[in-house]
Amino acid sequence: MVETSPPAQLPNPDELWEATLGWSPTEAQQRQFQTLYEAVLAQNRHLNLTRITDPEAFWEKHLWDSLSGPASLELVAGDRAIDIGTGAGLPGLPVAIAYPQVAVTLLEATGKKASALERIVAELAIDNAVPLAGRAEQIGRQAQHREAYSLALLRAVGRTVPCAEYALPLLERGGIAILYRGRWDQAQADAVAAAAKQLGGTVAGIEDWTTPLTQAERHCIYLEKTGRTPARFPRAPGVPAREPL
Ligand code: SAM
C-alpha cells in the first residue's frame, strides 16, 4: 500500500491578518483557504501553476498578497470583479472567499490552466466564483463583459501599461483596477498615467506594502475608470503587450 502524508496545514495568524489588513478570516473561510491550498497543490502535480507550495510561503505570497489589494476598498453586495490572467485563481479566489458578497469572474487565456481552474473551483464549492476561458483583448470587446465590472484584479500578467489596456475597457464608470506589482518607479508611474488617460481612466492611488513574513516590497496601483473607453480599445490579441500605449 502507498503511504501518503497528510496535507500540510496553512498557518492562520489572526493577529497578523488584523494588524496588516484589518481583517481576519472566520473559521469557515480558513477552511476554504486550506481547501484552496490543497486543490492548487493537487493541480500543480500535473500542470505548472505555482512554484510557491510551502504553507508559510503560500499564506504570504498568495493569500495575504491577494487580499492586500482590496483591503482599503469598500466592496459591497452586487459588486462584480474580474481577475484577468488568474492562473490558479490568484488573486481572484482568495478575494471570492474573503468577500462572499462579490461575484468574481476568473479569466484565463491558457486552456489547460482554465480547465485546472474549473477543478479548483469545483473543489471549493463556492458559488461566487466563475472561471472564464479567454483573452482579455477578446472578452473586453464582448457586450456582456465590456464596462460590466466594478473591480479588476491583475497580478503577474505582464507590464503595467498593457494591463491598463486589458482592464479599463472591462470597468464600469467609477470601477477600480488593482495592478499588483513588486518594485515601482516614477517612469512606470508616468507611463501608466498617460495610458490610463487614453483608456478613460486615471491613477487613483498607489499603495506600498512590506509583506509580513519576509518583508518583501509590494505595490498596488489603483486605476479608476472616469470616462468611456474609446471603441478601438482593447486592441487585437497580443498588440497591447507588443506595442504598449
Ligand atoms: N495571476 C496569477 C498569479 O498571480 O499567480 C497567474 C500569473 S501567471 C504568471 C500569468 C497568467 O496570465 C497566465 O496564466 C497567462 O495565461 C495569463 N494571461 C496572460 N495574458 C493574458 C491575457 N491577455 N488574457 C487572459 N489571460 C492572460
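Quick note: structure is the one above.
Residues numbered from 1 in each chain as written. Predicted model: local features only at pLDDT ≥ 70, side-chain atom pairs only at ≥ 80, totals over all residues. Heavy atoms only, no water.

## What to know about the pairing of strand S2 (residues 103–108)
And step 1. Extensive coverage of S2 is indicated by the burial of 5 of its 6 residues.
And step 2. As a crossover connection, the stretch from strand S1 (residues 80–84) through helix H4 (residues 92–98) into S2 is right-handed.
And step 3. Sheet analysis places S2 next to strand S3 (residues 129–133), joined by 5 bridges and oriented parallel. Its bridge partner being in S3, Glu-108 is matched across the sheet by Ala-133.
And step 4. Crossover handedness for the path S2 to helix H5 (residues 111–124) to S3: right-handed. (Buried < 20%, exposed > 50% of the residue type's maximum accessible area, 1.4 Å probe, protein only. Helix = DSSP H or I, 4+ residues; strand = E, 2+ residues; numbered from the N terminus. Right-handed = clockwise from strand over helix to strand, strands pointing away. Pairing = 2+ DSSP bridges.)

## Some remarks on the site of the ligand
And step 1. Among the 16 residues in the neighbourhood of the ligand, the closest are listed as Gly-85, Leu-90, Glu-108, Lys-113 and Arg-155.
And step 2. The backbone of Leu-90 places a nitrogen or oxygen atom 2.7 Å from a nitrogen atom of the ligand.
And step 3. Take Lys-113: an N or O atom from its side chain is 2.9 Å from an oxygen atom of the ligand.
And step 4. For the ligand, whose free accessible area comes to 600 Å², the fraction covered by protein is 80%.
And step 5. Class assignment of the residues belonging to the shell around the ligand gives a composition of 6 nonpolar, 5 polar and 5 charged. (Near = heavy atom within 4 Å. Polar contact = N/O pair within 3.5 Å; in protein donor to acceptor, adjacent residues only side chain to side chain. Areas by Shrake-Rupley, 256 points an atom, 1.4 Å probe, with all protein chains shown as cover. Nonpolar A, V, L, I, M, F, W, Y, C, P; charged D, E, K, R; others polar.)

## A closer look at the nonpolar core
A general trend in soluble globular proteins is that nonpolar side chains are found buried together.
And step 1. Counting residues in hydrophobic clusters, the biggest one holds 43 residues, and the most contacted among them are Trp-17, Leu-36, Leu-63, Leu-67, Leu-93, Ile-120 and Ile-178.
And step 2. Contacts of Ile-120, omitting those with residues within four sequence positions, involve Leu-36, Ala-39, Val-40, Gln-43, Leu-49, Ala-88 and Leu-93.
And step 3. In terms of nonpolar packing, the next biggest core, distinct from the first, is built from 26 residues, Ile-139, Ala-152, Ala-167 and Leu-223 among them. (Core = buried A, V, L, I, M, F, W, Y, C linked by side-chain atoms within 4.5 Å. Contact = heavy atoms within 4.5 Å.)

## Topic: helix H8 (residues 186–198)
And step 1. Taking 1.5 Å as the rise per residue, H8 with 13 residues should run 18 Å; its terminal C-alpha atoms sit 19 Å apart, in good agreement.
And step 2. Every buried residue belonging to H8 is among Ala-189, Val-192, Ala-195 and Ala-196, and all of these are buried. Viewed along the axis of H8, the buried residues span an arc of 135°, placing them on a single side of the element. In H8, the exposed residues that point more than 90 degrees away from the buried face are Gln-186, Ala-187 and Lys-197.
And step 3. With a side-chain oxygen lying 3.2 Å from the backbone nitrogen of Ala-187, the N-terminal cap of H8 falls on Asp-185.
And step 4. Downstream of H8 by a residue or two, Gly-200 has a phi angle that is positive, lying close to 85°. (Expected span 1.5 Å × (residues − 1). Arc of directions from axis to C-beta.)

## A look at the packing of aromatic side chains
And step 1. The full count for this structure, using the stated rule, is 6 aromatic pairs.
And step 2. Here the aromatic rings of Trp-17 and Trp-23 are separated by 5.3 Å at their centres, their planes lie at 85°, and the arrangement is edge-to-face.
And step 3. A residue is classified by how much of its surface remains accessible, and Trp-23, at 24% relative accessible area, is partly exposed.
And step 4. Ring geometry for Trp-64 versus Trp-209: centroids 6.0 Å apart, planes at 85°, classification edge-to-face. Of this pair, Trp-64 sits in helix H3 (residues 55–68) while Trp-209 sits in strand S6 (residues 201–210); the two residues are 145 residues apart in sequence, bridging distant segments of the chain.
And step 5. We classify Trp-209 as buried; its relative accessible area is 16%.
And step 6. By the ring-pair criterion, three or more aromatic residues cluster together here, those being Trp-17, Trp-23, Phe-33 and Trp-59.
And step 7. The aromatic ring of Tyr-149 is capped on one face by Arg-80, whose charged end is 4.7 Å from the ring centroid. (Phe/Tyr/Trp six-rings, centres within 6.5 Å; stacked < 30°, edge-to-face > 60°. Lys NZ or Arg CZ within 6 Å of the ring centre and 35° of its normal.)

## Overview of the pattern of salt bridges
And step 1. Counted according to the given criterion, the structure contains 8 salt bridges.
And step 2. When the shortest N-O distance is used, the salt bridge between Asp-65 and Arg-218 registers 2.9 Å. Taken together, the residues span a long stretch of sequence, with Asp-65 in helix H3 and Arg-218 in strand S7 (residues 217–225) at a distance of 153 residues. Take Asp-65 and Arg-218: they sit in the same class, and that class is buried. (Salt bridge = Lys/Arg side-chain N within 4 Å of Asp/Glu carboxyl O.)

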